[in-house]
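Results of the structural survey
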Amino acid sequence: MTGRYGFKFASMWETKFGDRTEFVYLLEWPDEATKIAQWAAFMADPEWSEIKRVTHAEHGLMVGQIEDRLLAQVDYSLVRQRSLLPR
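Worth saying up front: this structure is predicted, and the values here are computed from it rather than measured.

For the rest of this paragraph, the subject is the overall build of the protein chain. Scanning the protein chain for helices and strands turns up two helices and two strands. Written out in order from the N terminus, the α and β elements of the protein chain read β-β-α-α. Sorting the 87 residues of the protein chain into buried and exposed places 11% on the buried side. Taking the contacts inside the protein chain whose residues are at least 6 apart along the sequence as the reference set, 37% of them involve residues at least 24 apart. Carbon and sulfur atoms provide 56% of the accessible area of the protein chain, an area that totals close to 7,500 Å².

Moving on to the packing of helix α1 (residues 32-44) against helix α2 (residues 46-59). Packing of α1 against α2 leaves a shortest axis separation of 5 Å and a crossing angle of 55°. Looking at the two axes, α1 sits oblique to α2. The segment α1 lies against α2, with Phe-42, Met-43 and Ala-44 engaging Pro-46, Trp-48, Ser-49 and Lys-52. Here the contact of α1 with α2 is composed, by residue class, of five nonpolar, one polar and one charged.

Confidence along the protein chain averages 83 in pLDDT terms, with 86% of residues attaining 70 or more. Taken element by element, the protein chain is modelled with least confidence in strand β2 (residues 20-28), mean pLDDT 88, and with most confidence in α1, mean pLDDT 91.

The next subject is the packing of aromatic side chains. One pass over the structure, following the stated rule, counts nine aromatic pairs. Here the aromatic cluster, defined as three or more aromatic residues joined through ring pairs, consists of Tyr-5, Phe-7, Phe-9, Phe-23, Tyr-25, Trp-29, Trp-39, Phe-42 and Trp-48.

With that settled, the discussion passes to the side chain of Lys-35. Relative to the helices and strands, Lys-35 resides in helix α1. Relative accessible area serves as the criterion here: at 10%, Lys-35 is assigned to the buried category. Apart from residues no more than four positions distant in its own chain, Lys-35 is found in contact with Trp-29, Asp-68 and Leu-70.

Turning our attention to the pairing of β2. Two strands pair when backbone bridges link them, and strand β1 (residues 8-17) and β2 are joined in this way by nine bridges, in the antiparallel orientation. The residue of β2 that forms the bridge with Thr-15 is Glu-22. Once β1 ends, the chain turns through two residues before running back antiparallel as β2, passing Gly-18 with a positive phi of about 60°.

For the rest of this paragraph, the subject is the nonpolar core. Buried together is how nonpolar side chains tend to be arranged in soluble globular proteins. Judged by nonpolar contacts, Tyr-5, Phe-7, Leu-27, Trp-29 and Phe-42 together constitute the single largest core of five residues. Sequence-distant contacts of Tyr-5, that is, excluding residues within four places in its chain, are made with Trp-29, Gln-38, Ala-41, Phe-42 and Asp-45.

On to the side chain of Asp-45, then. By the secondary structure assignment, Asp-45 is in the loop between α1 and α2. Leave out the neighbours within four places in its chain, and Asp-45 touches Arg-4 and Tyr-5.

Analysis parameters
Residues numbered from 1 in each chain as written. Predicted model: local features only at pLDDT ≥ 70, side-chain atom pairs only at ≥ 80, totals over all residues. Heavy atoms only, no water. Helix = DSSP H or I, 4+ residues; strand = E, 2+ residues; numbered from the N terminus. Buried < 20%, exposed > 50% of the residue type's maximum accessible area, 1.4 Å probe, protein only. Contact = heavy atoms within 4.5 Å. Areas by Shrake-Rupley, 256 points an atom, 1.4 Å probe, with all protein chains shown as cover. Axes fitted to C-alpha atoms, helices over the stretch in contact; angles between N-to-C directions. Parallel < 35°, antiparallel > 145°, perpendicular 65-115°, else oblique. Nonpolar A, V, L, I, M, F, W, Y, C, P; charged D, E, K, R; others polar. pLDDT = per-residue confidence, 0-100. Phe/Tyr/Trp six-rings, centres within 6.5 Å; stacked < 30°, edge-to-face > 60°. Pairing = 2+ DSSP bridges. Core = buried A, V, L, I, M, F, W, Y, C linked by side-chain atoms within 4.5 Å.

Structure, rendered in structure tokens:
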């Protein structure tokens, strides 16, 4: 699945710690420069800002901290020669 900003969702997970829910998603990018540019465009999107504002007003703070990590696949990975996305 690819969205407006070129986000290619490879997988998503959810875990719960007591009353806290953590949502983790893995995005696939062609390169780091694209990731940086597309993420910046997404975060600056006025529509997304409005969605966050309305959601926060109705339900309280839903996103506390965003952690951004760039993962590099290792040579010994079982999926080294293929994309995580179905073709």
